[in-house]
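# Tertiary structure, described
Spelled out, the chains give:
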Amino acid sequence: MTHYFAGLDIGSTMTKVVIISDKLEASLIGPTGPEHRKLANKVMEEALDLAGLRFIDLTYIVATGYGRINVPFADRQITEITCHARGIHSLLPTVKTIVDIGGQDSKGIKIKDGKVTNFVMNDKCAAGTGRFLEVIADSLGVPLERLGELSLTARKAAEISSTCTVFAEHEVNNQLANGESVANLIAGIHQSVATRVYSLVRKLKIEPDVAITGGGAKNIGLVKALETRFGYPVLVPPEPLITGALGAALIGKEVYEKYTTEGQTPIRCGRGLEEATFFS
Amino acid sequence: MEPQTNGLATAEKYYNQYGSRAKDLKESGKKVIGYLSALGPVEILTAAGVIPLRLKGNVSEAITKGDAYMETVVCPFVRNVFDAAVKGRYDFLDGMVLPHQCDSIDRTNDVWSDVLKLPYWHFLNVPHVTDDPSIEFMKEILRVFIGTLEKFTGTTITDEAIAQAVKAHNENRRLMRELYALRTANPPLISGTEMMKVLVAAMSLPVQESSALIESVTKEVKERPSSKDMRKRIMIIGDQIDDVAVIEAIEGAGAWLVMDDLSIGSKMYWQDVDATQDPVQGIAERYLRKLKIPTTYVADGNNYEENLEARFGHMKKYIDEFKVDGVILFIYKYCDPYGFEVPAVKSFIESTGASVLYLEDEYSTSALPRAKTRIEAFLEMIA
């Protein structure tokens, strides 16, 4: 009998589900909203449909991310720090430093032999996070997904000195008024985010290989700006959004295997595919 | 004084109704003087016959009135306590003593004094270096302080009374260390959350009552059935953490808080006052040289390493003695003195092999969910 394991990563902006057996069975990415977080069960159902599985086929479920406590049917909650490390280690075993740029936070994680040895998270504001890019994209009237390619057409990155989201938006608007090109401004914004993230992660001793994960990794302009900061190329996994969910599923599998080798059954939470009720 | 048969319940009561005992004593005719920080010379207040009450804020309460007088650049702890005072929480006090610990206290002293208008007010000008002239200066300012208290209470504070108070407070410290020792067991006989309530209750009581409470807690936790719940052992370092919220975040994530280097915890209780010919000499030495706080600049080693050892060496001993697996450095935002020391403390502790989690946070539960993720990730890391 094949055992299936699910990992759910409920981030501040996106919800990610990964189902694995000995291989990847399905992965799904959808937006997190106040309703979506409440409806983690719906996202799970969709992922199960994709994999052609039923809920009872799942042997163990691990939830991670900002909304991990809002998954009533998860057997275990693990922080996204540990899950990202596990996920990246399985995909890119040479990586020693992970830079995760998420919707509302960014973090640096050091790993050795797949285990977290140190980590750091931004603790002030939206500076250096996906939210910063969202706000600027919005004010420039450019879709978020197009920021990366547009920035590559820049002649010269504009100088953006504010790290505060609100002030930087103001600065961008002023420079637009002064005739600066949108592409140059976007390139400048990427440099600003890269600088902010770099100064955060530098508190850990950055060692190559470096992997970039999270929504920020999908922005080629930001990745290039980070490479310039680090001084060497970085690795980006094929789907940088799902490494946390993948790590969660892998940890679930390890927990199950550890128990079975000891002749025990892991304790399940015993809840069905239901929605969190404490919101109502 | 009520008989104490159940120390933990009594501690819980005084923790929940902070200052209620001092308020009762005030109603029965005693004078109560509030003080800020570990630098408050409680021996002298006790010798003066007044009840010392360590001031605290409320992490669950938003600052709503204090901001009219203090900008957000001031330490969040100081602003929160001040806000509580402006809202009338400390109206029953006869006065306050604010020792010169940091700029946030020193530069707001006149605001406190002017806004609160309590009958007695004193700013204790504690020096920040530990050389011999500073000890002389410290003795002088303690004598000035004694003089103001004599004037306020209308009674003479004799050296004999000070010596007696020193004895009583040393005994109080000894009893607290005895209780701390029960945390070296694995698992500890008293949880960090329970301990926080005891520490907070203890700093709100007259010294004899505080000692009786500690004794009663020690007896109770020794006698109750021991737990088999083995967890990772954490030490917390910081200034005035005086609420269980942070401790519950740590223990709720599956660890035990077994030791602290907090200004209401071990910093208060580890160092006795020596009984000296002039009792004020011993007090000056204890608060200036023995008390380890980041505002006191210690540089009597021959090199940087020796200075670090003099400032943080005790933390190494705690890690060893209390079998600490991980250390949480919990620093309030805008706290310059602690902030300056972060890189040095961090690397000093890491050199012992213990992992360090550095959290910079508010004196408020509002930002605690973010801290919780870091605490959980830290525990997963050292698991």
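Along its length, chain A carries 9 helices and 9 strands. Dimensions of chain A, computed from C-alpha atoms along their principal axes, come out at roughly 70 × 40 × 30 Å. Counting the 280 residues in chain A, one finds 48% classified as buried. Counted over contacts in chain A with a minimum sequence separation of 6, partners at least 24 positions apart contribute 72%.

Let us look at the packing of helix α4 (residues 130-140) of chain A against helix α6 (residues 165-177) of chain A. Residues and elements named next belong to chain A. Look at α4 against α6: their axes get within 10 Å of each other, and the N-to-C directions meet at 30 degrees. Taken together, the axes of α4 and α6 lie roughly parallel to each other. Where α4 crosses over α6, the handedness of that crossing is right-handed. Of the residues in α6, those in contact with R131, F132, V135, I136, S139 and L140 of α4 are T165, A168, E169, V172 and N173. Of the residues that constitute the contact of α4 with α6, the class distribution is 6 nonpolar, 3 polar and 2 charged.

So, on to the sheet that holds strand β4 (residues 120-124) of chain B. Residue and element names in this part refer to chain B. With parallel pairing, 4 strands are arranged side by side in an open sheet as β2-β1-β3-β4. Of all strands in the sheet, those bounded by a partner on one side alone are β2 (51-54) and β4. Neighbouring strand axes in the sheet, compared pairwise and without regard to direction, differ in orientation by 20 degrees on average. Sheet strands touched by helix α7 (residues 132-153): β3 (95-99) and β4. Its angle to β4, the strand with the most contacts, is close to 180 degrees.

This next bit is on the domain arrangement of chain A. The parts lose accessible area when they come together, and the size of an interface is often stated as this lost area. Residues and elements named next belong to chain A. In terms of domain boundaries, chain A breaks down into domain 1 (4-83 + 242-261) and domain 2 (94-230). Summarising the inter-unit geometry, the C-alpha centres of domain 1 and domain 2 are found 27 Å apart. Taken together, the contacts link 7 residues of domain 1 with 10 residues of domain 2. Each residue belonging to the side of domain 1 that touches domain 2 can be placed in one class, and the counts come to 2 nonpolar, 5 polar and no charged.

Before going further, it helps to spend a moment on the sheet that holds strand β2 (residues 14-20) of chain A. What holds strands together in a sheet is hydrogen bonding between their backbones, with the strands either parallel or antiparallel. Residues and elements named next belong to chain A. In spatial order, the strands read β3-β2-β1-β4-β5; together these 5 strands make up an open sheet with mixed pairing. Edge positions in the sheet fall to β3 (24-31) and β5 (76-77), since each of these pairs with one other strand and no more. Along the sheet face, helix α2 (residues 40-51) touches β1 (4-10), β2 and β3 and points at about 145 degrees away from the line of β3. Contacting β1, β2, β4 (58-64) and β5, helix α9 (residues 243-261) crosses the sheet at an angle of about 140 degrees to β1.

Time to look at the domain arrangement of chain B. All names here are of chain B. Annotation of chain B at the domain level lists domain 1 (18-159) and domain 2 (161-382). With centres defined by C-alpha atoms, the gap from domain 1 to domain 2 works out at 22 Å. With 42 residues of domain 1 in contact, the opposing surface of domain 2 contributes 50 residues. For the side of domain 1 that touches domain 2, the leading source of residues is α7, giving 6 residues. Here the residues of the side of domain 1 that touches domain 2 are counted per class, giving 23 nonpolar, 11 polar and 8 charged.

Looking now at the nonpolar core. In terms of nonpolar packing, the biggest core is built from 157 residues, with B:I234, B:M235 and B:L329 touching the most fellow members. Here this core gets 10 residues from one element, more than from any other, and that element is helix α7 (residues 182-201) of chain A. Excluding residues within four positions of it along the chain, B:I234 makes contact with B:I250, B:A255, B:W256, B:L257, B:V258, B:V324, B:D325, B:G326 and B:I328. One finds A:A47, A:Y60, A:C83 and A:L246 within the second-largest nonpolar core, a separate group that totals 36 residues.

Further remarks concern the confidence of the model for chain A. Across chain A, pLDDT averages 90, with 97% of residues at or above 70. At the level of individual helices and strands, chain A shows its lowest average pLDDT in helix α1 (residues 34-38) of chain A, which scores 68, and its highest in strand β9 (residues 210-213) of chain A, which scores 97.

Now for the interface of chain B and chain A. Between chain B and chain A, the residue contacts involve 8 residues of the former and 8 residues of the latter. Sort the elements by how many residues they give to the side of chain B that touches chain A and helix α16 (residues 368-382) of chain B lands first, with 7 residues. Among the residues making up the side of chain B that touches chain A, the classes are represented as 2 nonpolar, 1 polar and 5 charged.

Residue and element names in this part refer to chain A. At a closest axis distance of 8 Å, the pairing of α7 and helix α8 (residues 220-230) adopts a crossing angle of 50 degrees. Judged on the interaxial angle alone, α8 and α7 are oblique. α8 is crossed by α7, and the crossing has right-handed handedness. Across from I186, A187, H190, Q191, V193, A194, T195, V197 and Y198 in α7, the residues of α8 making contact are G221, L222, A225, L226 and R229. Residue composition of the contact of α7 with α8, by class: 9 nonpolar, 4 polar and 1 charged.

Another aspect to go through is unusual backbone geometry. Cis geometry is adopted by the peptide bond preceding A:D209, which originates at A:P208 and carries an omega value of 0 degrees. Residues B:N186 and B:P187 are joined by a peptide bond in cis, for which omega reads -5 degrees. Along the chain, B:P187 falls in the loop between α8 (159-181) and α9 (192-202). The backbone of A:D113 sits at a positive phi, close to 50 degrees, despite the residue not being glycine. Inspection of the secondary structure assignment puts A:D113 in the loop between β7 (106-112) and β8 (115-121). In the Ramachandran plot, B:S37 falls in the positive-phi region, its phi being about 75 degrees despite a non-glycine side chain. Note that B:S37 resides in the loop between β1 (32-35) and α3 (42-47).

For chain B, per-residue confidence averages 95 on the pLDDT scale, and 99% of positions sit at 70 or higher. Predicted as a complex, the structure gets a pTM of 0.90 and an ipTM equal to 0.86.

Sheet topology note: the β7(A)/β8(A) ladder contains 6 bridges and is antiparallel. By the bridge assignment, A:K110 is partnered in β8(A) with A:N118.

Procedures and definitions
Residues numbered from 1 in each chain as written. Chains lettered and ligands numbered in written order. Predicted model: local features only at pLDDT ≥ 70, side-chain atom pairs only at ≥ 80, totals over all residues. Helix = DSSP H or I, 4+ residues; strand = E, 2+ residues; numbered from the N terminus. Buried ≥ 20, exposed ≤ 12 C-beta atoms within 10 Å, placed from the backbone. Contact = placed C-beta atoms within 7 Å. Axes fitted to C-alpha atoms, helices over the stretch in contact; angles between N-to-C directions. Parallel < 35°, antiparallel > 145°, perpendicular 65-115°, else oblique. Left-handed = near helix turned anticlockwise from the far one by under 90°. Nonpolar A, V, L, I, M, F, W, Y, C, P; charged D, E, K, R; others polar. Pairing = 2+ DSSP bridges. Domains from an automatic or database assignment. Core = buried A, V, L, I, M, F, W, Y, C linked by C-beta atoms within 7 Å. pLDDT = per-residue confidence, 0-100.

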